[in-house]
Amino acid sequence: MHRRGVGLAAFDRHEQSKRQFAELSNALSKTQIEHLQAQLTQFRTALAHFASTHRDSIRRDPTFRHAFQQMCSSIGVDPLAGPRKGGWWAEMLGLGDWQYELGVQIVDVCVSTRDRNGGMIEMSELVRLVSKLRGVSGGVIDEDDVMRSIKTLQPLGAGYQVVEIGGRKLVRSVVKELDDDQTVVLSIANELGGRVVEGDLIRSKGWTRGRASAALENMLIRDGLCWIDEQDERDGRAYWIPSAMQWNE
Amino acid sequence: GFLLPSIHSAPPFFTQQPSPSTSTSFSDQWIKLILAYARHRRLFYLRVEDAETSGNDWDEVLKNERINRKVLPPYLEHILSLMVAKNVAVYDPAKQTRAVLLYWRLPEEWAETLHEWATSTGQLNTIMTFYDITDPPVESPLSGIPLPLLRRAINVLSKTNQAQIIAVADGEGVRFFAPTGK
(Lines give C-alpha, C1' and ligand atoms only; values in the text may rest on other atoms or scores of the structure.)
Protein backbone atom coordinates (compact mmCIF):
# COMPACT_ATOMS: atom_id res chain seq x y z
CA MET A 1 0.00 0.00 0.00
CA HIS A 2 2.84 2.41 0.69
CA ARG A 3 4.71 1.93 -2.55
CA ARG A 4 7.63 4.27 -2.70
CA GLY A 5 9.39 6.31 -5.27
CA VAL A 6 8.28 4.93 -8.59
CA GLY A 7 7.38 7.05 -11.56
CA LEU A 8 6.75 10.73 -11.50
CA ALA A 9 6.43 11.12 -7.74
CA ALA A 10 10.07 10.17 -7.25
CA PHE A 11 11.36 12.72 -9.70
CA ASP A 12 9.50 15.35 -7.82
CA ARG A 13 11.46 15.01 -4.64
CA HIS A 14 14.25 17.47 -4.63
CA GLU A 15 17.10 15.47 -3.03
CA GLN A 16 16.51 12.42 -5.14
CA SER A 17 16.22 14.52 -8.27
CA LYS A 18 19.52 16.22 -7.57
CA ARG A 19 21.26 12.92 -7.02
CA GLN A 20 19.77 11.28 -10.08
CA PHE A 21 20.53 14.20 -12.33
CA ALA A 22 24.07 14.24 -10.99
CA GLU A 23 24.42 10.59 -11.98
CA LEU A 24 22.90 11.23 -15.34
CA SER A 25 25.16 14.15 -16.07
CA ASN A 26 28.10 11.84 -15.92
CA ALA A 27 26.76 9.93 -18.86
CA LEU A 28 24.84 12.51 -20.80
CA SER A 29 25.62 15.92 -22.13
CA LYS A 30 23.91 19.05 -20.82
CA THR A 31 21.69 19.44 -23.89
CA GLN A 32 20.54 15.89 -23.60
CA ILE A 33 19.55 16.54 -19.97
CA GLU A 34 17.64 19.66 -20.90
CA HIS A 35 15.86 17.75 -23.63
CA LEU A 36 14.91 15.03 -21.13
CA GLN A 37 13.59 17.59 -18.64
CA ALA A 38 11.46 19.24 -21.31
CA GLN A 39 10.05 15.87 -22.29
CA LEU A 40 9.15 15.02 -18.69
CA THR A 41 7.46 18.39 -18.19
CA GLN A 42 5.47 17.88 -21.38
CA PHE A 43 4.49 14.37 -20.32
CA ARG A 44 3.43 15.57 -16.88
CA THR A 45 1.27 18.33 -18.38
CA ALA A 46 -0.35 15.88 -20.79
CA LEU A 47 -0.99 13.45 -17.96
CA ALA A 48 -2.55 16.15 -15.78
CA HIS A 49 -4.75 17.21 -18.68
CA PHE A 50 -5.77 13.62 -19.32
CA ALA A 51 -6.54 13.08 -15.67
CA SER A 52 -8.81 16.09 -15.29
CA THR A 53 -10.55 15.51 -18.65
CA HIS A 54 -11.33 11.90 -17.89
CA ARG A 55 -11.86 12.06 -14.15
CA ASP A 56 -15.58 11.51 -14.48
CA SER A 57 -15.17 8.57 -16.88
CA ILE A 58 -12.68 6.99 -14.54
CA ARG A 59 -15.03 7.29 -11.62
CA ARG A 60 -18.10 6.06 -13.49
CA ASP A 61 -17.03 3.35 -15.92
CA PRO A 62 -15.38 0.17 -14.65
CA THR A 63 -13.96 -0.79 -18.07
CA PHE A 64 -12.34 2.61 -18.56
CA ARG A 65 -11.16 2.55 -14.97
CA HIS A 66 -9.41 -0.81 -15.39
CA ALA A 67 -7.72 0.25 -18.61
CA PHE A 68 -6.56 3.40 -16.89
CA GLN A 69 -5.23 1.50 -13.91
CA GLN A 70 -3.36 -0.89 -16.18
CA MET A 71 -1.77 2.05 -17.98
CA CYS A 72 -0.75 3.54 -14.66
CA SER A 73 0.94 0.41 -13.40
CA SER A 74 2.79 0.01 -16.71
CA ILE A 75 4.39 3.45 -16.25
CA GLY A 76 4.94 2.88 -12.56
CA VAL A 77 2.40 5.26 -11.06
CA ASP A 78 0.05 4.33 -8.23
CA PRO A 79 -3.24 6.22 -8.66
CA LEU A 80 -4.72 4.58 -5.58
CA ALA A 81 -2.31 6.30 -3.22
CA GLY A 82 -4.22 8.56 -0.85
CA PRO A 83 -4.01 12.35 -0.85
CA ARG A 84 -0.97 12.44 1.43
CA LYS A 85 1.02 9.82 -0.43
CA GLY A 86 0.36 10.46 -4.09
CA GLY A 87 0.59 14.21 -3.91
CA TRP A 88 -0.72 16.06 -6.92
CA TRP A 89 -1.51 12.87 -8.79
CA ALA A 90 -4.18 11.60 -6.44
CA GLU A 91 -5.56 15.10 -6.07
CA MET A 92 -5.88 15.44 -9.84
CA LEU A 93 -8.09 12.38 -10.00
CA GLY A 94 -9.68 12.40 -6.58
CA LEU A 95 -9.43 8.62 -6.84
CA GLY A 96 -8.11 8.34 -3.31
CA ASP A 97 -11.42 9.68 -2.02
CA TRP A 98 -13.39 7.46 -4.36
CA GLN A 99 -11.54 4.39 -3.14
CA TYR A 100 -11.96 5.39 0.48
CA GLU A 101 -15.69 5.97 0.02
CA LEU A 102 -16.09 2.53 -1.52
CA GLY A 103 -14.18 0.97 1.36
CA VAL A 104 -16.50 2.60 3.89
CA GLN A 105 -19.55 1.33 1.99
CA ILE A 106 -18.19 -2.21 1.91
CA VAL A 107 -17.61 -2.15 5.65
CA ASP A 108 -21.11 -0.72 6.12
CA VAL A 109 -22.75 -3.58 4.22
CA CYS A 110 -20.64 -6.27 5.91
CA VAL A 111 -21.35 -4.97 9.39
CA SER A 112 -25.07 -4.56 8.80
CA THR A 113 -25.47 -8.08 7.39
CA ARG A 114 -23.21 -9.76 9.94
CA ASP A 115 -26.07 -10.69 12.25
CA ARG A 116 -27.78 -12.72 9.60
CA ASN A 117 -24.80 -14.27 7.80
CA GLY A 118 -22.22 -14.56 10.57
CA GLY A 119 -19.69 -12.37 8.77
CA MET A 120 -19.52 -14.30 5.48
CA ILE A 121 -21.14 -12.68 2.51
CA GLU A 122 -21.13 -13.83 -1.10
CA MET A 123 -19.25 -11.47 -3.41
CA SER A 124 -22.12 -10.91 -5.83
CA GLU A 125 -24.47 -10.15 -2.94
CA LEU A 126 -21.94 -7.66 -1.55
CA VAL A 127 -21.59 -5.94 -4.93
CA ARG A 128 -25.37 -5.77 -5.25
CA LEU A 129 -25.91 -4.26 -1.79
CA VAL A 130 -23.05 -1.76 -2.15
CA SER A 131 -24.45 -0.70 -5.53
CA LYS A 132 -27.83 -0.19 -3.90
CA LEU A 133 -26.18 1.99 -1.25
CA ARG A 134 -24.44 4.09 -3.89
CA GLY A 135 -27.56 4.58 -5.95
CA VAL A 136 -27.60 5.67 -9.56
CA SER A 137 -25.32 8.68 -9.01
CA GLY A 138 -22.55 6.48 -7.65
CA GLY A 139 -21.67 5.05 -11.04
CA VAL A 140 -21.26 1.36 -11.75
CA ILE A 141 -18.93 -0.70 -9.57
CA ASP A 142 -18.01 -4.30 -10.15
CA GLU A 143 -16.31 -7.23 -8.43
CA ASP A 144 -12.80 -6.05 -9.34
CA ASP A 145 -13.44 -2.68 -7.73
CA VAL A 146 -14.64 -4.36 -4.55
CA MET A 147 -11.71 -6.76 -4.45
CA ARG A 148 -9.18 -3.95 -4.90
CA SER A 149 -10.89 -1.95 -2.20
CA ILE A 150 -10.84 -4.89 0.21
CA LYS A 151 -7.07 -5.17 -0.31
CA THR A 152 -6.69 -1.61 0.89
CA LEU A 153 -8.74 -2.45 3.98
CA GLN A 154 -6.38 -5.22 5.08
CA PRO A 155 -3.76 -3.02 6.77
CA LEU A 156 -6.56 -1.75 9.02
CA GLY A 157 -6.50 -5.15 10.70
CA ALA A 158 -10.24 -5.54 10.42
CA GLY A 159 -9.98 -9.08 9.11
CA TYR A 160 -11.54 -8.37 5.74
CA GLN A 161 -10.58 -11.08 3.34
CA VAL A 162 -11.78 -12.66 0.13
CA VAL A 163 -11.97 -16.45 0.35
CA GLU A 164 -12.79 -18.83 -2.44
CA ILE A 165 -14.86 -21.86 -1.54
CA GLY A 166 -16.40 -24.31 -3.96
CA GLY A 167 -15.82 -21.99 -6.88
CA ARG A 168 -17.57 -19.03 -5.28
CA LYS A 169 -15.99 -15.91 -3.83
CA LEU A 170 -17.00 -14.98 -0.31
CA VAL A 171 -15.97 -11.96 1.71
CA ARG A 172 -15.17 -12.68 5.33
CA SER A 173 -15.45 -9.73 7.68
CA VAL A 174 -14.86 -11.32 11.05
CA VAL A 175 -11.47 -12.13 12.49
CA LYS A 176 -12.42 -15.68 13.36
CA GLU A 177 -11.15 -18.07 10.72
CA LEU A 178 -13.33 -20.88 9.47
CA ASP A 179 -12.03 -24.18 10.72
CA ASP A 180 -11.46 -26.91 8.13
CA ASP A 181 -14.72 -28.71 8.81
CA GLN A 182 -16.71 -25.51 8.43
CA THR A 183 -15.00 -24.82 5.13
CA VAL A 184 -16.13 -28.24 3.92
CA VAL A 185 -19.69 -27.58 5.08
CA LEU A 186 -19.65 -24.28 3.21
CA SER A 187 -18.48 -25.85 -0.02
CA ILE A 188 -21.12 -28.61 0.22
CA ALA A 189 -23.73 -25.93 0.91
CA ASN A 190 -22.65 -24.09 -2.24
CA GLU A 191 -23.24 -27.22 -4.30
CA LEU A 192 -26.64 -27.82 -2.72
CA GLY A 193 -28.03 -24.28 -2.97
CA GLY A 194 -27.68 -23.53 0.73
CA ARG A 195 -29.48 -26.44 2.42
CA VAL A 196 -27.33 -29.00 4.28
CA VAL A 197 -28.20 -31.93 6.54
CA GLU A 198 -25.93 -34.35 8.38
CA GLY A 199 -26.64 -37.02 5.75
CA ASP A 200 -25.05 -34.88 3.01
CA LEU A 201 -21.77 -34.73 4.93
CA ILE A 202 -21.86 -38.43 5.84
CA ARG A 203 -22.57 -39.47 2.24
CA SER A 204 -20.22 -37.22 0.32
CA LYS A 205 -17.37 -36.83 2.83
CA GLY A 206 -17.54 -40.08 4.83
CA TRP A 207 -17.88 -38.22 8.13
CA THR A 208 -19.32 -39.85 11.22
CA ARG A 209 -22.69 -38.60 12.38
CA GLY A 210 -21.01 -37.09 15.45
CA ARG A 211 -18.59 -35.08 13.38
CA ALA A 212 -21.28 -33.84 11.01
CA SER A 213 -23.57 -32.93 13.87
CA ALA A 214 -20.83 -31.05 15.76
CA ALA A 215 -19.78 -29.04 12.71
CA LEU A 216 -23.35 -28.00 11.89
CA GLU A 217 -24.38 -27.24 15.46
CA ASN A 218 -21.27 -25.11 16.06
CA MET A 219 -21.95 -23.12 12.93
CA LEU A 220 -25.55 -22.67 14.03
CA ILE A 221 -25.31 -21.82 17.69
CA ARG A 222 -21.73 -20.87 18.49
CA ASP A 223 -20.86 -18.94 15.33
CA GLY A 224 -24.19 -17.74 13.95
CA LEU A 225 -23.09 -18.83 10.48
CA CYS A 226 -26.20 -20.73 9.52
CA TRP A 227 -29.92 -20.98 10.16
CA ILE A 228 -32.17 -23.87 11.16
CA ASP A 229 -35.40 -24.91 9.47
CA GLU A 230 -37.53 -27.12 11.71
CA GLN A 231 -40.31 -27.66 9.18
CA ASP A 232 -38.18 -29.48 6.63
CA GLU A 233 -40.29 -32.12 4.87
CA ARG A 234 -37.47 -34.55 4.18
CA ASP A 235 -35.31 -34.49 7.29
CA GLY A 236 -37.29 -32.62 9.95
CA ARG A 237 -34.37 -30.32 10.73
CA ALA A 238 -32.26 -28.77 7.95
CA TYR A 239 -29.44 -26.24 8.14
CA TRP A 240 -29.26 -23.32 5.73
CA ILE A 241 -26.12 -21.30 4.98
CA PRO A 242 -27.16 -17.79 3.92
CA SER A 243 -24.08 -17.00 1.86
CA ALA A 244 -24.77 -20.10 -0.26
CA MET A 245 -28.44 -19.34 -0.83
CA GLN A 246 -29.92 -17.78 -3.96
CA TRP A 247 -31.65 -14.56 -3.11
CA ASN A 248 -34.32 -13.22 -5.43
CA GLU A 249 -34.77 -9.51 -5.15
CA GLY B 1 -50.44 -5.71 -3.78
CA PHE B 2 -48.02 -6.01 -0.91
CA LEU B 3 -44.37 -6.74 -1.65
CA LEU B 4 -42.96 -9.34 0.74
CA PRO B 5 -39.24 -9.15 1.57
CA SER B 6 -37.04 -11.81 -0.02
CA ILE B 7 -36.28 -13.39 3.34
CA HIS B 8 -39.94 -14.45 3.42
CA SER B 9 -38.96 -17.06 0.80
CA ALA B 10 -36.30 -18.60 3.04
CA PRO B 11 -37.62 -21.67 4.90
CA PRO B 12 -35.64 -20.99 8.11
CA PHE B 13 -37.32 -17.60 8.51
CA PHE B 14 -40.38 -19.44 9.86
CA THR B 15 -38.41 -21.15 12.64
CA GLN B 16 -37.40 -19.46 15.89
CA GLN B 17 -33.58 -19.48 15.81
CA PRO B 18 -31.37 -20.71 18.68
CA SER B 19 -28.51 -18.30 17.93
CA PRO B 20 -29.20 -15.02 19.80
CA SER B 21 -27.86 -12.74 17.06
CA THR B 22 -29.80 -14.51 14.31
CA SER B 23 -32.91 -14.66 16.49
CA THR B 24 -32.83 -10.91 17.05
CA SER B 25 -32.26 -10.25 13.38
CA PHE B 26 -35.20 -12.46 12.37
CA SER B 27 -37.62 -11.10 14.95
CA ASP B 28 -36.74 -7.52 13.99
CA GLN B 29 -37.61 -8.41 10.41
CA TRP B 30 -40.86 -10.12 11.41
CA ILE B 31 -41.92 -7.07 13.43
CA LYS B 32 -41.12 -4.72 10.56
CA LEU B 33 -43.06 -6.94 8.14
CA ILE B 34 -46.07 -7.30 10.43
CA LEU B 35 -46.38 -3.55 11.02
CA ALA B 36 -45.94 -2.72 7.32
CA TYR B 37 -48.60 -5.26 6.34
CA ALA B 38 -50.97 -4.05 9.04
CA ARG B 39 -50.54 -0.48 7.82
CA HIS B 40 -51.11 -1.58 4.22
CA ARG B 41 -54.32 -3.49 4.99
CA ARG B 42 -55.43 -1.37 7.96
CA LEU B 43 -55.40 -4.38 10.26
CA PHE B 44 -55.42 -3.51 13.95
CA TYR B 45 -55.27 -6.87 15.70
CA LEU B 46 -52.90 -9.81 15.52
CA ARG B 47 -53.70 -12.96 17.48
CA VAL B 48 -51.99 -16.30 18.06
CA GLU B 49 -55.26 -17.69 16.73
CA ASP B 50 -54.28 -16.28 13.31
CA ALA B 51 -51.43 -18.81 13.21
CA GLU B 52 -53.79 -21.59 14.28
CA THR B 53 -56.39 -21.10 11.56
CA SER B 54 -56.52 -20.60 7.81
CA GLY B 55 -58.25 -18.16 5.54
CA ASN B 56 -57.79 -15.18 7.84
CA ASP B 57 -56.40 -11.69 7.14
CA TRP B 58 -52.84 -12.69 8.04
CA ASP B 59 -52.38 -15.72 5.77
CA GLU B 60 -50.28 -13.81 3.27
CA VAL B 61 -47.68 -12.95 5.91
CA LEU B 62 -47.78 -15.80 8.42
CA LYS B 63 -47.67 -18.47 5.73
CA ASN B 64 -45.76 -19.04 2.53
CA GLU B 65 -47.65 -21.65 0.51
CA ARG B 66 -45.00 -21.78 -2.16
CA ILE B 67 -42.35 -23.15 0.21
CA ASN B 68 -44.86 -24.85 2.51
CA ARG B 69 -43.86 -22.98 5.65
CA LYS B 70 -45.76 -21.08 8.32
CA VAL B 71 -45.14 -19.31 11.60
CA LEU B 72 -46.18 -21.73 14.33
CA PRO B 73 -48.29 -20.47 17.27
CA PRO B 74 -45.49 -20.52 19.89
CA TYR B 75 -43.21 -18.46 17.63
CA LEU B 76 -46.00 -15.95 16.94
CA GLU B 77 -46.68 -15.63 20.66
CA HIS B 78 -42.99 -14.91 21.16
CA ILE B 79 -43.02 -12.24 18.43
CA LEU B 80 -46.10 -10.62 19.99
CA SER B 81 -44.28 -10.37 23.32
CA LEU B 82 -41.33 -8.66 21.63
CA MET B 83 -43.65 -6.17 19.95
CA VAL B 84 -45.25 -5.31 23.27
CA ALA B 85 -41.82 -4.88 24.84
CA LYS B 86 -40.89 -2.47 22.05
CA ASN B 87 -44.13 -0.52 22.52
CA VAL B 88 -45.33 -1.10 18.99
CA ALA B 89 -48.26 -3.14 20.29
CA VAL B 90 -50.26 -3.65 23.50
CA TYR B 91 -52.01 -6.75 24.80
CA ASP B 92 -55.72 -6.32 24.13
CA PRO B 93 -57.68 -7.35 26.10
CA ALA B 94 -55.28 -6.76 28.98
CA LYS B 95 -53.88 -9.54 31.17
CA GLN B 96 -53.40 -12.11 28.42
CA THR B 97 -50.62 -12.81 25.92
CA ARG B 98 -52.37 -14.22 22.88
CA ALA B 99 -53.70 -11.09 21.20
CA VAL B 100 -52.35 -7.59 20.59
CA LEU B 101 -53.56 -4.27 19.29
CA LEU B 102 -50.97 -3.04 16.79
CA TYR B 103 -49.44 0.43 16.82
CA TRP B 104 -48.48 0.74 13.16
CA ARG B 105 -49.25 4.32 13.99
CA LEU B 106 -48.53 5.47 17.55
CA PRO B 107 -51.35 6.82 19.77
CA GLU B 108 -49.65 10.23 19.62
CA GLU B 109 -49.79 10.14 15.82
CA TRP B 110 -53.42 8.98 15.89
CA ALA B 111 -54.16 11.91 18.19
CA GLU B 112 -52.77 14.34 15.63
CA THR B 113 -54.72 12.70 12.79
CA LEU B 114 -57.89 12.75 14.87
CA HIS B 115 -57.62 16.42 15.74
CA GLU B 116 -56.79 17.38 12.14
CA TRP B 117 -59.87 15.52 10.93
CA ALA B 118 -62.14 17.15 13.52
CA THR B 119 -60.80 20.57 12.54
CA SER B 120 -60.97 20.12 8.78
CA THR B 121 -64.53 18.78 8.91
CA GLY B 122 -65.62 21.80 10.94
CA GLN B 123 -66.50 19.75 14.01
CA LEU B 124 -64.56 21.59 16.68
CA ASN B 125 -66.55 22.45 19.80
CA THR B 126 -69.39 20.10 18.87
CA ILE B 127 -70.17 16.99 20.89
CA MET B 128 -69.58 13.77 18.95
CA THR B 129 -70.14 10.15 19.87
CA PHE B 130 -67.37 7.63 19.38
CA TYR B 131 -69.50 6.09 16.68
CA ASP B 132 -69.51 9.39 14.75
CA ILE B 133 -65.74 9.06 14.63
CA THR B 134 -65.31 5.39 13.82
CA ASP B 135 -68.16 5.26 11.30
CA PRO B 136 -68.50 8.67 9.70
CA PRO B 137 -70.70 9.12 6.62
CA VAL B 138 -67.63 10.06 4.62
CA GLU B 139 -64.65 7.70 4.89
CA SER B 140 -61.86 9.22 6.94
CA PRO B 141 -58.40 8.23 8.20
CA LEU B 142 -60.15 7.28 11.43
CA SER B 143 -62.70 4.92 9.89
CA GLY B 144 -62.68 1.55 11.58
CA ILE B 145 -60.28 2.55 14.33
CA PRO B 146 -60.78 0.23 17.33
CA LEU B 147 -62.25 1.88 20.40
CA PRO B 148 -59.27 1.16 22.70
CA LEU B 149 -57.01 2.98 20.25
CA LEU B 150 -59.47 5.84 19.84
CA ARG B 151 -59.64 6.25 23.61
CA ARG B 152 -55.84 6.39 23.85
CA ALA B 153 -55.69 9.05 21.12
CA ILE B 154 -58.34 11.13 22.89
CA ASN B 155 -56.41 10.79 26.17
CA VAL B 156 -53.31 12.20 24.47
CA LEU B 157 -55.35 15.17 23.21
CA SER B 158 -57.02 15.80 26.56
CA LYS B 159 -53.58 16.24 28.16
CA THR B 160 -53.17 19.39 26.06
CA ASN B 161 -56.82 20.42 26.43
CA GLN B 162 -57.60 19.68 22.82
CA ALA B 163 -60.27 17.12 23.69
CA GLN B 164 -62.69 16.40 26.50
CA ILE B 165 -64.57 13.18 27.15
CA ILE B 166 -68.24 13.73 27.82
CA ALA B 167 -70.95 11.37 28.96
CA VAL B 168 -73.72 11.15 26.42
CA ALA B 169 -77.10 9.44 26.42
CA ASP B 170 -76.00 5.95 25.43
CA GLY B 171 -72.29 5.86 25.89
CA GLU B 172 -69.23 8.01 25.47
CA GLY B 173 -68.81 11.21 23.58
CA VAL B 174 -66.05 13.71 23.01
CA ARG B 175 -65.63 17.35 22.19
CA PHE B 176 -62.57 18.74 20.40
CA PHE B 177 -61.13 22.19 20.91
CA ALA B 178 -58.80 24.36 18.92
CA PRO B 179 -55.27 24.24 20.31
CA THR B 180 -54.51 27.18 22.61
CA GLY B 181 -51.42 28.96 21.34
CA LYS B 182 -48.41 28.94 23.68
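First, a word on scope: everything that follows refers to the structure included in this document. Predicted model only: the values in this text are computed from it and were never measured. (Residues numbered from 1 in each chain as written. Chains lettered and ligands numbered in written order. Predicted model: local features only at pLDDT ≥ 70, side-chain atom pairs only at ≥ 80, totals over all residues. Heavy atoms only, no water.)

1. Things to note about the overall build of chain B
- Helices and strands together make up the secondary structure of chain B, namely seven helices and eight strands.
- Per-residue burial for chain B yields a buried fraction of 46% across its 182 residues.
- Taking the intrachain contacts of chain B between residues at least 6 apart in sequence as the baseline, contacts between residues at least 24 apart amount to 57%.
- Carbon and sulfur atoms provide 53% of the accessible area of chain B, an area that totals close to 9200 Å². (Helix = DSSP H or I, 4+ residues; strand = E, 2+ residues; numbered from the N terminus. Buried < 20%, exposed > 50% of the residue type's maximum accessible area, 1.4 Å probe, protein only. Contact = heavy atoms within 4.5 Å. Areas by Shrake-Rupley, 256 points an atom, 1.4 Å probe, with all protein chains shown as cover.)

2. Topic: the sheet that holds strand β3 (residues 168-172) of chain A
Residues and elements named next belong to chain A.
- Pairing is antiparallel across the open sheet formed by three strands, whose spatial order is β1-β3-β2. This sheet does not close on itself; its edge strands, each paired only once, are β1 (120-122) and β2 (161-165). Neighbouring strand axes in the sheet, compared pairwise and without regard to direction, differ in orientation by 35 degrees on average.
- Judged from the three bridges that link them, β1 and β3 form a sheet pairing that is antiparallel. Paired with Met120 across the bridge in β3 is Arg172.
- Here helix α10 (residues 180-191) sits on the sheet in contact with β1, β2 and β3, set at roughly 65 degrees to β2. (Pairing = 2+ DSSP bridges. Axes fitted to C-alpha atoms, helices over the stretch in contact; angles between N-to-C directions.)

3. What about the interface of chain A and chain B?
- The interface is formed by 17 residues belonging to chain A together with 19 residues belonging to chain B.
- Carbon and sulfur atoms make up 56% of the area that chain A and chain B hide from each other, which totals about 1600 Å².
- Broken down residue by residue, the surface that chain A buries against chain B is led by Asp115, Trp227 and Gln231 of chain A, which jointly contribute 36%.
- Run the count over chain A and chain B and you get two salt bridges.
- Glu233 of chain A serves as the salt-bridge partner of Arg69 of chain B, at 3.2 Å between the closest nitrogen and oxygen. (Buried area = accessible area lost by both parts, 1.4 Å probe. Salt bridge = Lys/Arg side-chain N within 4 Å of Asp/Glu carboxyl O.)

4. Structural notes on the nonpolar core
- Within the largest apolar cluster, 60 residues are counted, with the highest numbers of intra-cluster contacts made by Trp58, Leu102 and Leu114 of chain B.
- Excluding residues within four positions of it along the chain, Leu102 of chain B makes contact with Ile34, Leu35, Ala38, Leu43, Phe44, Tyr45, Leu46, Trp58, Met83, Val88 and Ala89 of chain B. (Core = buried A, V, L, I, M, F, W, Y, C linked by side-chain atoms within 4.5 Å.)

5. A short note on the sheet that holds strand β4 (residues 195-196) of chain A
- The sheet built from three strands is open, its strands ordered β4-β6-β5 (chain A) with antiparallel pairing. Each edge of the sheet is formed by a strand with only one pairing partner; in this case those strands are β4 and β5 (227-232) of chain A.

6. Examining helix α11 (residues 198-205) of chain A
- Regarding α11 of chain A, the residues found buried are Glu198, Gly199, Asp200 and Leu201 of chain A.
- Each element contacted by the buried residues of α11 of chain A is listed here: α10, β4 and α12 (209-222) of chain A.

7. Looking at the packing of aromatic side chains
Residues and elements named next belong to chain B.
- Enumeration according to the criterion identifies 10 aromatic pairs over all chains in this entry.
- When the ring of Phe44 is compared with that of Trp104, the centres are 5.5 Å apart and the planes differ by 35 degrees; the resulting orientation is tilted. Highlighted residues: Phe44 in the loop between α1 (20-41) and β1 (45-47) and Trp104 in the loop between β5 (99-102) and α5 (107-120), separated in sequence by 60 residues. Grouping residues by exposure puts Phe44 and Trp104 together as buried.
- Taken together, a centroid distance of 5.4 Å and an interplanar angle of 70 degrees make the contact between Trp104 and Trp110 edge-to-face. In this structure, Trp104 and Trp110 share a single accessibility class: buried.
- Taking the ring centre of Trp110 as reference, the NZ or CZ of Arg105 above it sits at 4.5 Å. (Phe/Tyr/Trp six-rings, centres within 6.5 Å; stacked < 30°, edge-to-face > 60°. Lys NZ or Arg CZ within 6 Å of the ring centre and 35° of its normal.)

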